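Chain residues, written in single-letter form:
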Amino acid sequence: EGVSVFYQDVGSGAVYEYPSLEKYPAASVVKAPYCLYVLDLASQGRADLNQTFTYTEQWMRKGTGKIQNMPFGTVLTLRELVRYAIEESDNVAFALIRSAFPADGYRAYAASFGLTYPEDIRNGANSLLCARDAGAYLAAIDRFIQTHDIIPAQTLSPKFDTALTIDFLLNI
């Protein structure tokens, strides 16, 4: 359908918007800020990235990701789930993360970013998102990186051209 743009220069704060308030299905875009929520909890000692989860038939999700192809009974840490959710957009990883960190906490956390439409977060999946709110999520990720004294060790993934690294975030 339509196209929306939100661009903000993080240095100067200059913003360019082209119908940035138009709402679209958030799809997998929500995985990054949801994982940020979990990583922020871990940085406060309120989540344990070494917590383990067992992949069972209950958690099978079709679509993107690699965990769906693993044998049932595979044990994964929260750290690994976050990595899969971000690098592979893994639906199983995201479902397991959401089971341990329900949407209520995420909604309150995400609303603190100054979202235009915080009511569209819904259950943390099947959400709606406008370009301006996507920009707010990216700004929150950037603030988290800037305020945590951790040096990136390697690129997030060859799929992403960014200074953001999984090792950076997962070694908090």
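In what follows, the structure referred to is the one given above.
Fair warning: this is a prediction, and the values are worked out from it, not measured in the lab.

Honestly, helix 1 (residues 31–43) in this entry has me stumped. Any pointers?
Every α-helical turn comprises 3.6 residues, leaving residues that sit three or four positions apart pointing alike. Taking 1.5 Å per residue as the helical rise, helix 1 with its 13 residues ought to reach 18 Å, and the 18 Å between its terminal C-alpha atoms agrees with that figure. Across the 13 residues that make up helix 1, a large majority, 11, are buried. Once helix 1 ends, the next one or two residues include Gly45, with phi positive near 80°.

I would appreciate a short explanation of the packing of aromatic side chains in the present structure.
Each aromatic ring pair is described using two quantities: the centre-to-centre distance and the angle formed by the ring planes. Counting across every chain of the model gives 8 aromatic pairs. With a centroid separation of 6.1 Å and 90° between ring planes, the pair formed by Tyr34 and Tyr37 is classed as edge-to-face. Of this pair, Tyr34 and Tyr37 both sit in helix 1, 3 residues apart, which is roughly one turn of the helix. Judged by its relative accessible area of 0%, Tyr34 is buried. When the ring of Tyr37 is compared with that of Tyr109, the centres are 5.3 Å apart and the planes differ by 45°; the resulting orientation is tilted. Placement of the pair is Tyr37 in helix 1 and Tyr109 in helix 4 (residues 103–111), with a sequence separation of 72 residues. Side by side, Tyr37 and Tyr109 carry an identical accessibility label, which is buried. Note that Lys23 overlies the ring of Tyr117, its terminal NZ or CZ placed 4.2 Å from the centroid.

I'm lost on the packing of helix 2 (residues 78–87) against helix 3 (residues 91–100) in this one. Help?
The description of two helices packed together rests on the angle between their axes and the distance between the axes. Interaxial distance between helix 2 and helix 3 falls to 8 Å at its minimum, and their mutual angle equals 130°. Taken together, the axes of helix 2 and helix 3 are oblique relative to one another. You can see that helix 2 and helix 3 cross each other, and the crossing is left-handed. Between helix 2 and helix 3, the residues in contact are Leu78, Leu81, Val82, Tyr84 and Ala85 and Ala93, Leu96 and Ile97, respectively. Across the contact of helix 2 with helix 3, the residue classes tally to 8 nonpolar, no polar and no charged.

Rules used in this analysis
The residue numbering used here restarts from 1 in each chain and proceeds along that chain's sequence as written. Per-residue local features are limited, in this predicted model, to residues with pLDDT of at least 70; the limit for side-chain atom pairs, both in listing and counting, is 80 or more; totals at the level of whole chains, interfaces and linings are taken over all residues. Hydrogens are left out, water is left out, and the side-chain values use all remaining heavy atoms of the structure. Numbering of helices and strands runs from the N terminus, with a helix taken as a DSSP run of H or I at least four residues long and a strand as a DSSP run of E at least two residues long. The span you would expect from a helix comes to 1.5 Å times its residue count less one. Under the scheme applied here, a residue whose accessible area is under 20% of the maximum for its type counts as buried, over 50% as exposed, and between as partly exposed, the area being computed with a 1.4 Å probe on protein chains only. Each aromatic pair joins two rings of Phe, Tyr and Trp (for Trp, the six-membered one) with centres within 6.5 Å, and gets the label stacked for planes under 30 degrees apart, edge-to-face for over 60, and tilted for any other angle. Counted as over-ring charges are cases with an Arg CZ or a Lys NZ within 6 Å of the ring centre that also lie within 35 degrees of the ring normal. Angles here are taken between N-to-C directions and fall from 0 to 180 degrees, while the axes themselves are lines fitted to C-alpha atoms, restricted in helices to the stretch in contact. Should an angle fall under 35 degrees it is called roughly parallel, over 145 degrees roughly antiparallel, and 65 to 115 degrees roughly perpendicular, with every other angle called oblique. Working rule for handedness: look at the near helix, and if it is turned counterclockwise from the far one by less than a right angle, call the crossing left-handed; if clockwise, right-handed. Contacts are assigned to residue pairs that have any heavy atoms within 4.5 Å of one another. Throughout this entry, Asp, Glu, Lys and Arg are counted as charged residues, while Ala, Val, Leu, Ile, Met, Phe, Trp, Tyr, Cys and Pro are counted as nonpolar. The remaining residues, Gly among them, count as polar.

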